[in-house]
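# Coordinate inspection notes
For reference, the chains in residue letters:
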There are 2 protein chains.
Amino acid sequence: MSDMLPKLFFVHFQPTNFVAEQDGKIVGFVTGFVSQTFPDEAYIHFVGVDPNYRKSGLARALYEKFFITVLNLGCHTVRCVTSPVNKDSIAFHRSLGFSVESNDSEKTIDGISVFEGYDGEGEDRILFYRALGKMENA
Amino acid sequence: MSDMLPKLFFVHFQPTNFVAEQDGKIVGFVTGFVSQTFPDEAYIHFVGVDPNYRKSGLARALYEKFFITVLNLGCHTVRCVTSPVNKDSIAFHRSLGFSVESNDSEKTIDGISVFEGYDGEGEDRILFYRALGKMENA
């Protein structure tokens, strides 16, 4: 599973990388960083959970750990990107309070704003954002 | 060519992304960031130069722009990673004053220390580093 964690992130973004372990084995991780263009924003690049630990709330717990950490680093917004075909990811982010950034070109898939070719030709993306605030301070 | 520049870097690491343009067309770019684990280190992730502009000193100029920028951001070391099969890249980095990090496992290819499986199975890498200092201040 650790092969899925890009080395570059593991080395240079340690303050905002978290792993979940069970019996000494990594069963989940989240990796992201504080934006260097917008220092009050953080970006979640990837979350991975061992298939045997899906639906356990682990991804949510990893995201919440990330939220609290970047709030303490001065961030007030978290952003991430997903593919319109990844319905589980869309539902997950919505359940965590993420909003969808609206797209001026007005392309939508299933009623959700989509950025066409955002990650290259044919690679449409949904852009999520979520304000950090009271909940994480509690 | 701009398709080669990962969107994530373009959005969130603008202070350390540089493009070279010719007649309104992007002919080269360098992308990297300040390490968030080691704030006095910077990492160059990718440099790309249009094949028509190779051997023109453009990659070197882009690296030098990056060096000066991250020095001003408080960095004293620049790191990057390349594949042992990429002889041009190895020669380029050496000519720019990069050193090769030595590897405790003592695996070498053509006399150069190599980190076996650094970026996953079968993905050996050479790790370069270079101190920033007087030259960039001049």
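Just so you know, these numbers come straight off a predicted model, no measurement behind them.

When helices and strands are tallied, chain A shows four helices and eight strands. The helix and strand sequence of chain A, counted from the amino end, reads α-β-β-β-α-β-α-β-β-β-β-α. Over its C-alpha trace chain A gives a radius of gyration of 15 Å, about what one expects of a compact globule, namely 14 Å for 138 residues. Taken over the C-alpha atoms alone, chain A extends approximately 45 × 35 × 30 Å along its principal axes. The buried share among the 138 residues of chain A stands at 46%. Look at the contacts in chain A between residues 6 or more apart in sequence, and 57% of them connect residues 24 or more apart.

Moving on, we come to helix 3 (residues 87-95) of chain A. All names here are of chain A. Buried within helix 3 we find Ser-89, Ile-90, Phe-92 and His-93. Axial view of helix 3: buried residues confined to an arc of 165°, hence all on one face. Those residues of helix 3 that are buried are in contact with helix 2 (58-72), strand 4 (77-82), strand 7 (112-113) and strand 8 (126-131). Immediately beyond the C-terminal end of helix 3, within one or two residues, lies Gly-97, with a positive phi of roughly 90°.

This part covers the relation of the copies chain A and chain B. After a rotation of 180° and a shift along the axis of 0.0 Å, chain A superposes on chain B with an RMSD of 0.0 Å. The two molecules are tied by a two-fold rotation axis, judged by turn and shift. Taking C-alpha positions as reference, the residue of chain A nearest the rotation axis is Gln-36 of chain A, located at 4.9 Å.

A separate point is the pairing of strand 8 of chain A. The pairing of strand 4 of chain A with strand 8 of chain A spans six bridges and is classified as antiparallel. What sits directly across from Val-78 of chain A, in strand 8 of chain A, is Arg-130 of chain A.

Residues and elements named next belong to chain A. The mixed open sheet is built from six strands, whose spatial order is 1-2-3-4-8-5. Of all strands in the sheet, those bounded by a partner on one side alone are strand 1 (17-22) and strand 5 (99-100). Contacting strand 1, strand 2 (25-34), strand 3 (41-49), strand 4 and strand 8, helix 2 crosses the sheet at an angle of about 155° to strand 3. The sheet strands contacting helix 3 are strand 4, strand 5 and strand 8, and the helix crosses strand 8 at an angle near 15°.

Residue and element names in this part refer to chain B. Look at helix 2 (residues 58-72) against helix 3 (residues 87-95): their axes get within 11 Å of each other, and the N-to-C directions meet at 50°. With respect to helix 3, the element helix 2 is oriented oblique. In the crossing of helix 2 with helix 3, the sense of the turn from one axis to the other is right-handed. Residue-level inspection shows Ala-59, Arg-60 and Tyr-63 of helix 2 in contact with helix 3, the latter providing Phe-92, His-93 and Ser-95.

At the interface, 23 residues of chain A touch 23 residues of chain B. Roughly 2000 Å² of surface becomes buried between chain A and chain B when both sides are summed, with 61% attributable to carbon and sulfur atoms. Put simply, chain A and chain B have zero salt bridges between them. Where chain A touches chain B, the interface holds 14 residue pairs in polar contact (both at pLDDT 80 or more). At the level of elements, helix 1 (7-12), strand 2 and strand 3 of chain A are the ones that each hand at least two residues to the side of chain A that touches chain B. Top element by residues in the side of chain A that touches chain B is helix 1 of chain A. It accounts for four residues.

Rules used in this analysis
Residues numbered from 1 in each chain as written. Chains lettered and ligands numbered in written order. Predicted model: local features only at pLDDT ≥ 70, side-chain atom pairs only at ≥ 80, totals over all residues. Heavy atoms only, no water. Helix = DSSP H or I, 4+ residues; strand = E, 2+ residues; numbered from the N terminus. Rg over C-alpha atoms; globule rule 2.2 N^0.38 Å. Buried < 20%, exposed > 50% of the residue type's maximum accessible area, 1.4 Å probe, protein only. Contact = heavy atoms within 4.5 Å. Arc of directions from axis to C-beta. Least-squares fit on C-alpha atoms with pLDDT ≥ 70 in both. Pairing = 2+ DSSP bridges. Axes fitted to C-alpha atoms, helices over the stretch in contact; angles between N-to-C directions. Parallel < 35°, antiparallel > 145°, perpendicular 65-115°, else oblique. Left-handed = near helix turned anticlockwise from the far one by under 90°. Buried area = accessible area lost by both parts, 1.4 Å probe. Salt bridge = Lys/Arg side-chain N within 4 Å of Asp/Glu carboxyl O. Polar contact = N/O pair within 3.5 Å; in protein donor to acceptor, adjacent residues only side chain to side chain.

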